[in-house]
Amino acid sequence: MAKKSLIYREKKRQKLEQKYHLIRRSSKKEISKIPSLSEKWKIHGKLQSPPRNSAPTRLHRRCFSTGRPRANYRDFGLSGHILREMVHACLLPGATRSSW
């Protein structure tokens with residue numbers, strides 16, 4: 001189980017990313033439309049003004065049950081070892097069981 005503080009920090013980053021998503025998208029569209037370099041730099045400065053944690057690259061996928069940040073499967077939202085345990089317990093329909 002991941003530390004609660006790390007999970008809350010990740011949730012805070014998700015909220016910030018959703019809050020500043022439209023600002024980032026609109027300023028990126030403006031940069032692509034404007035031909036002059038000096039105006040592009042002004043808009044680029046505007047792009048850097050939101051907080052760093054609002055950037056989408058700072059987000060991590062976490063396991064739904066344990067909060068583990070590594071080895072996550074997008075389809076299930078679970079980490080690898082939890083996924084394997086659930087498959088062996090027949091809790092995921094359609095997933096085939098393997099042992100190695």
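Residues numbered from 1 in each chain as written. Predicted model: local features only at pLDDT ≥ 70, side-chain atom pairs only at ≥ 80, totals over all residues. Heavy atoms only, no water.

Brief notes about helix H3 (residues 80–88)
Moving on, step 1. Three or more residues of H3 are buried, namely Ile82, Leu83 and Val87. Seen end-on, H3 carries its buried residues on one side only, within an arc spanning 135°.
Moving on, step 2. In the core, the buried residues of H3 are packed alongside strand E1 (72–73) and strand E2 (78–79).
Moving on, step 3. Just past H3, the residue Cys90 takes up positive phi, approximately 60°. (Buried < 20%, exposed > 50% of the residue type's maximum accessible area, 1.4 Å probe, protein only. Helix = DSSP H or I, 4+ residues; strand = E, 2+ residues; numbered from the N terminus. Arc of directions from axis to C-beta. Contact = heavy atoms within 4.5 Å.)

Describing the pattern of salt bridges
Moving on, step 1. With the rule as written, the count across this model stands at one salt bridge.
Moving on, step 2. Between Glu10 and Arg13 there is a salt bridge whose closest N-O contact spans 3.6 Å. With Glu10 and Arg13 both in helix H1 (residues 4–33) and three residues apart, the pair spans about one turn of that helix. For the pair Glu10 and Arg13, a shared accessibility class is recorded, and that class is buried. (Salt bridge = Lys/Arg side-chain N within 4 Å of Asp/Glu carboxyl O.)

Quick look at the domain arrangement of the protein
Moving on, step 1. Domain boundaries in the protein define domain 1 (1–58) and domain 2 (60–99).
Moving on, step 2. Computed over C-alpha atoms only, the centres of domain 1 and domain 2 are separated by 30 Å.
Moving on, step 3. Taken residue by residue, the interface counts seven residues in domain 1 and five residues in domain 2.
Moving on, step 4. Counting each side, the surface lost to burial between domain 1 and domain 2 is near 490 Å², with a carbon and sulfur contribution of 49%.
Moving on, step 5. Where domain 1 meets domain 2, there are zero salt bridges.
Moving on, step 6. Where domain 1 meets domain 2, there are one residue pair in polar contact (both at pLDDT 80 or more).
Moving on, step 7. Considering only residue class, the side of domain 1 that touches domain 2 consists of four nonpolar, no polar and three charged. (Domains from an automatic or database assignment. Buried area = accessible area lost by both parts, 1.4 Å probe. Polar contact = N/O pair within 3.5 Å; in protein donor to acceptor, adjacent residues only side chain to side chain. Nonpolar A, V, L, I, M, F, W, Y, C, P; charged D, E, K, R; others polar.)

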